[in-house]
Amino acid sequence: MIGKSKLVWPLLAVVAIVQSAALFDMVFARDRLLKSGQEIALAVKPLDPRDIFRGDYVTLGYDISTLTKSTTETDPDFTGFSVGGPVYVTLASGSDGKWTETHVSSQYPSKVAPGEAVIKGRVQSLWQDGNAAVTRVIARYGIENYFVPEGTGRALEDKVRSHEVKAIVAVAADGTTALKGLIVDGERHEDPPLL
Amino acid sequence: MPEMWSPYKNRLKRDLERWQSNGWVSGEGRTAILADVESSGREVGLAPALGILASVLFGFAAISFVAAHWEDMPRLGRLLLLLATIWAGYGTAGWLVARGYPLLADAAILFSAGMFGASIMLISQMYNIGGNPSDGVLMWWIGTLFAGVMLRSNPALALAMVLVCVWSFFETSEKNGVHWAFLIGWALVTAAFIWQCWRPGLHLSALALSMFVISLGYQLSGGYQHGLVAVIGALAAVAAVAMEKLQPDLDAKLDHIAAPLFAYALAVAFAGLFARQFLVVPPLGDLIALAVVALALILAAIAYALSTGNRGALWIGYIGFSAEILTLYGVTVGSILGTSLFFLVAAIIVSFLAYVALRLARQSAGTGRPA
């Protein structure tokens, strides 16, 4: 520790201010994303029950958590993935309000139609069958964990399993995502922005 | 400080009594030496050690309190509470310095650095950020390193080094491949240790780097690069020996850094050789050749450690020798080598070791140097 000098208090203040500012920046960036990001609703998929409940958060699975390319599809950009690298998924809203993937790429897509949303994920694992006819990308988007008040996770988990849950996701222009809240039985559960 | 906290002092006291009765040291000299040892105070005191432990407990208490009242609190209130705990820690540190307790102030700084990390985790939870724990730890070690450098706090710097390792561990488990960015974090914290002239910190640095180099063997080319690890360790050991033998002045100037460097390098080299021999089992002929090389190197290292009084390297040599022999035994049992032949070989090696030790002891007795 720095010795007894006049500088002690100013230095302590600088450290406290810088650390506080870093935390504020974290909150501010997240808040802005929640407020100004494009909002999409994704159906939550039932997961392996052993995996769903860990501590006080539920783990959410999505259709886009596993991206598959088969020989019958000809998406030319579905290539060049590496574990730990990025994956960009273009989503479009159908007439029933369901968001589904229209395009998958390892780079930010050059063409995005109006009304579509691009979300960025991180490749967790890659899988190919013997003759490389089918490529499967397991991806995470940072919207897989929803923290719940203690003791209420189990009920929510049952709903996730019986297809009654949708996730509200905010999407920034660069594809960064934030989980805003959940729609459970048509009812929105969401914390208001902080700032 | 109670006597039991200082084995060195106890031993010195006994030796001084003997030296005094032999007439080599005068009564005044003995008193002066003991007073000097008493005042130099290089050892960790009980109060700062308890202070560090208390700060850890305070940290857990604060986190449990925040977590218990999490739901009742407006979210802005949560954030302000987290910031308040951080500021309270730094405020306490300033107060303790002003009262003349710099070591206890270090404990308060450590508390604040811990609360900074807890805040990152709780904010992540508030915003359902789950995906990349490594990003949170990255922010944590940078903030902790900043605090450690600005306030010249060694415990905070030690925490930063531990966090760099945790960060690297998360990054490595999230993607395939070596996390080279570890070296940047490692170099920054190590530079701070050097600036602080804090030897325990440098040991932490050496340990972290050794683990990183050893982990390379498990990650490069699908996990078959243990030979490279052994070569890196051996080269570092040779460099340490060269420094000790060819540049003793430089070594003395650097506070005799070569001896611990040799010990860590030896551990890395042996970890690589061990994995190369036993994790991916090579053909028996190769295994025997590698085992002979490994045992020869270990014996050479033990001999060198004995001749230079390098206790750390000596222990690593003994542990390496035992691990090598026991694992060789396990691997070769039932193979063409046969158990009896194995014990014969082991016995010959140990006899050779004893002979070397005896010769060295004679040599040092001859030159009047303690073994």
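It should be noted that the structure appears before, not after, this text.
Just so it is clear, the model here is predicted, and its values are computed rather than measured.

A word on the overall build of chain A
Reasoning step 1: If you tally the helices and strands in chain A, you get three helices and 13 strands.
Reasoning step 2: The buried share of chain A, taken over its 195 residues, is 45%.
Reasoning step 3: Taking contacts inside chain A between residues at least 6 apart in sequence as the whole, the part at least 24 apart equals 63%.
Reasoning step 4: On chain A, roughly 10000 Å² of surface is accessible, and the fraction owed to carbon and sulfur atoms is 53%.

Notes on the pairing of strand β12 (residues 177-184) of chain A
Residue and element names in this part refer to chain A.
Reasoning step 1: By the criterion of burial, β12 is predominantly enclosed, with eight of the eight residues buried.
Reasoning step 2: Bridging between strand β11 (residues 165-171) and β12 involves seven bridges; their strand directions are antiparallel. By the bridge assignment, V169 is partnered in β12 with L179.
Reasoning step 3: With antiparallel pairing between neighbouring strands as the criterion, β11 and β12 make up a hairpin whose turn holds five residues, including G175 at a positive phi of roughly 100 degrees.
Reasoning step 4: Taken together, the four bridges between β12 and strand β13 (residues 187-190) define a ladder with antiparallel strand orientation. Note that in β13 the partner of I183 across the bridge is R188.
Reasoning step 5: Counting the residues in the hairpin turn of β12 and β13 gives two residues, including D185, whose phi is positive at 50 degrees.

Comments concerning the interface of chain A and chain B
Reasoning step 1: The interface of chain A with chain B comprises 39 residues on the first partner and 45 residues on the second.
Reasoning step 2: Carbon and sulfur atoms make up 70% of the area that chain A and chain B hide from each other, which totals about 3800 Å².
Reasoning step 3: Our count for the contact surface shared by chain A and chain B stands at one salt bridge.
Reasoning step 4: Where E171(B) meets R122(A), a salt bridge forms, and the shortest distance between an N and an O atom there is 3.5 Å.
Reasoning step 5: Where chain A packs against chain B, one counts four residue pairs in polar contact (both at pLDDT 80 or more).
Reasoning step 6: Within the residue set of the side of chain A that touches chain B, elements represented by two or more residues are α1 (8-36) and β10 (145-147) of chain A.
Reasoning step 7: The greatest single-element share of the side of chain A that touches chain B, amounting to 20 residues, is contributed by α1(A).
Reasoning step 8: Residue composition of the side of chain A that touches chain B, by class: 27 nonpolar, six polar and six charged.

Definitions and cut-offs
Residues numbered from 1 in each chain as written. Chains lettered and ligands numbered in written order. Predicted model: local features only at pLDDT ≥ 70, side-chain atom pairs only at ≥ 80, totals over all residues. Heavy atoms only, no water. Helix = DSSP H or I, 4+ residues; strand = E, 2+ residues; numbered from the N terminus. Buried < 20%, exposed > 50% of the residue type's maximum accessible area, 1.4 Å probe, protein only. Contact = heavy atoms within 4.5 Å. Areas by Shrake-Rupley, 256 points an atom, 1.4 Å probe, with all protein chains shown as cover. Pairing = 2+ DSSP bridges. Buried area = accessible area lost by both parts, 1.4 Å probe. Salt bridge = Lys/Arg side-chain N within 4 Å of Asp/Glu carboxyl O. Polar contact = N/O pair within 3.5 Å; in protein donor to acceptor, adjacent residues only side chain to side chain. Nonpolar A, V, L, I, M, F, W, Y, C, P; charged D, E, K, R; others polar.

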